[in-house]
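Structure assessment
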Amino acid sequence: MKLKDSKLFKTYIHLINERESIRVLKESGKPKPWTKDPHLSKWRFTNMRRMDDKVSLWLLHNWYEPYFDHPNMLYAALVARFFNHPEALNDITHLVFSDKGWPKEEMCSLLRKRKARKVTIFNNAYMVRGNDGVDKVDTVMNFTLDPMVKDPPKVDTNSLETTWKNIVCRYGMGSFMAGQVVADLRWAMTGDWSDRNFWAPVGPGSSRGICRLYKQPKNKMIDQKVFLPKLTYLREIAGPLINQNLNARMEMMDWQNSLCEFDKYMRLVTKTGRPKQRYKGT
């Protein structure tokens, strides 16, 4: 059976279209319920287009557009995705975009004060690990960000892939997190970013998602060289079947993102797991 004719593929298309419909209805001010899908109504799923999500929109409007091309933008995007909580990021915005160098200690101090008040620092959308016995703020600041600020990886604004390769090899950076950073830089720095419609990095969730679609073992992350052709073909056959306004705005990173959400959705369908967060519709 061809992928396009499979029940899994039809479920994938349903997920994309239904999640986009929820976004449109919600933003238009329509009252709940926005869907009859029991999984989407009870559990939190990100938008298919990552820049439509709440945190990404906050970053776009409060960091990336106001400070577009700022010399600190690389470490701003790193800070943004490691902490990824708008209120915490708002507390340190004036430090991130200051002209006084790398204000690590000041940022740590503000974040620790926030933690002492038992207010959220890290958004649990991403898994950020701490070293054993070391505060997670210190781990991110001292072991991951500090070395990259002092010896910054080169940003090639013509290529997401090249920039990703320069970042992913650094301490604390995996394929997924490096991909999130370069996907943000595409909106924050002048450049062609000419591969934005043709390239995206594999991550744990998108690896499981695409393996589900192709009915392949999902317990081992597939290689980037295997992932990209599969993702390219998926976009080719799925694009005409989804909401066309959404399709026109989706870049390859968004198609990669859709596979992470598909994996979450299928865990509910198969009763083998569930997402981290329930959805209250607020």
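Check the entry above for the structure.
What this report covers is the structure whose coordinates are included nearby. (Residues numbered from 1 in each chain as written. Predicted model: local features only at pLDDT ≥ 70, side-chain atom pairs only at ≥ 80, totals over all residues. Heavy atoms only, no water.)

Comments concerning the overall build of the protein
Of regular secondary structure, the protein possesses 13 helices and 0 strands. Overall, the protein shows an N-to-C arrangement of helices and strands of α-α-α-α-α-α-α-α-α-α-α-α-α. In terms of overall dimensions, the protein is globule-like: its C-alpha atoms have a radius of gyration of 19 Å, near the 19 Å expected for 282 residues. In terms of overall dimensions, the protein has a C-alpha envelope of 60 × 40 × 40 Å along the principal axes. Considering only residue pairs separated by 6 or more positions, the protein has 69% of its internal contacts joining residues 24 or more positions apart. (Helix = DSSP H or I, 4+ residues; strand = E, 2+ residues; numbered from the N terminus. Rg over C-alpha atoms; globule rule 2.2 N^0.38 Å. Contact = heavy atoms within 4.5 Å.)

Section: the packing of helix H11 (residues 224-238) against helix H13 (residues 252-269)
Where H11 meets H13, the axes come as close as 10 Å, and the angle between the chain directions of the two elements is 95 degrees. With respect to their mutual orientation, H11 and H13 come out roughly perpendicular. Contacts between H11 and H13 pair Phe227, Leu228, Leu231, Thr232, Leu234, Arg235 and Ala238 from the former with Met252, Trp255, Gln256 and Leu259 from the latter. Broken down by class, the residue content of the contact of H11 with H13 amounts to 8 nonpolar, 2 polar and 1 charged. (Axes fitted to C-alpha atoms, helices over the stretch in contact; angles between N-to-C directions. Parallel < 35°, antiparallel > 145°, perpendicular 65-115°, else oblique. Nonpolar A, V, L, I, M, F, W, Y, C, P; charged D, E, K, R; others polar.)

Some remarks on the nonpolar core
Within the largest apolar cluster, 85 residues are counted, with the highest numbers of intra-cluster contacts made by Tyr12, Trp63 and Phe83. No other element matches the 10 residues that helix H4 (residues 73-83) contributes to this core. (Core = buried A, V, L, I, M, F, W, Y, C linked by side-chain atoms within 4.5 Å. Buried < 20%, exposed > 50% of the residue type's maximum accessible area, 1.4 Å probe, protein only.)

Examining helix H3 (residues 54-64)
It helps to recall that an α-helix has 3.6 residues per turn; residues three or four apart then point in one direction. Residues of H3 that are buried: Val55, Ser56, Trp58, Leu59, Leu60, Trp63 and Tyr64. Those residues of H3 that are buried lie in contact with H4, helix H5 (86-96) and helix H9 (175-185).

Details of the packing of H3 against H4
Here H3 crosses H4 at 150 degrees, and the two axes come no closer than 12 Å. Taken together, the axes of H3 and H4 are roughly antiparallel relative to one another. Between H3 and H4 the crossing geometry is right-handed. Where H3 abuts H4, its residues Val55, Ser56, Leu59, Trp63 and Tyr64 lie against Met73, Ala76, Ala77, Val79, Ala80 and Arg81. (Left-handed = near helix turned anticlockwise from the far one by under 90°.)

Observations concerning the packing of aromatic side chains
Applying the stated rule across the entire model yields 9 aromatic pairs. A ring pair is formed by Phe9 and Tyr12, whose centres lie 6.4 Å apart and whose planes are at 40 degrees; its orientation type is tilted. You can see Phe9 and its partner Tyr12 sitting in helix H1 (residues 7-27), 3 residues apart, about one turn around the helix. Both residues of the pair, Phe9 and Tyr12, count as buried. With centroids separated by 4.7 Å and ring planes inclined at 70 degrees, the aromatic side chains of Tyr75 and Trp102 adopt a geometry described as edge-to-face. Residue Tyr75 is located in helix H4, and its partner Trp102 is located in the loop between H5 and helix H6 (104-116); the two are separated by 27 residues in the primary sequence. Each member of the pair, Tyr75 together with Trp102, is buried. (Phe/Tyr/Trp six-rings, centres within 6.5 Å; stacked < 30°, edge-to-face > 60°.)

Some details on the pattern of salt bridges
Using the criterion set out here, one finds 22 salt bridges in the structure. Between Glu27 and Arg23 there is a salt bridge whose closest N-O contact spans 2.9 Å. Here the residue Glu27 and the residue Arg23 both occupy positions in helix H1, the gap between them amounting to 4 residues, near one helical turn. Close ionic contact of Asp52 with Arg49 constitutes a salt bridge, the shortest N to O distance being 2.8 Å. (Salt bridge = Lys/Arg side-chain N within 4 Å of Asp/Glu carboxyl O.)

Details of the environment of Arg274
Locating Arg274 in the fold gives a position in the segment after H13. With 11 residues separating them in the primary sequence, Arg274 and Asp263 have C-alpha atoms 9.8 Å apart. Beyond its immediate stretch of four places on either side in the chain, Arg274 contacts Trp43, Arg267 and Leu268.

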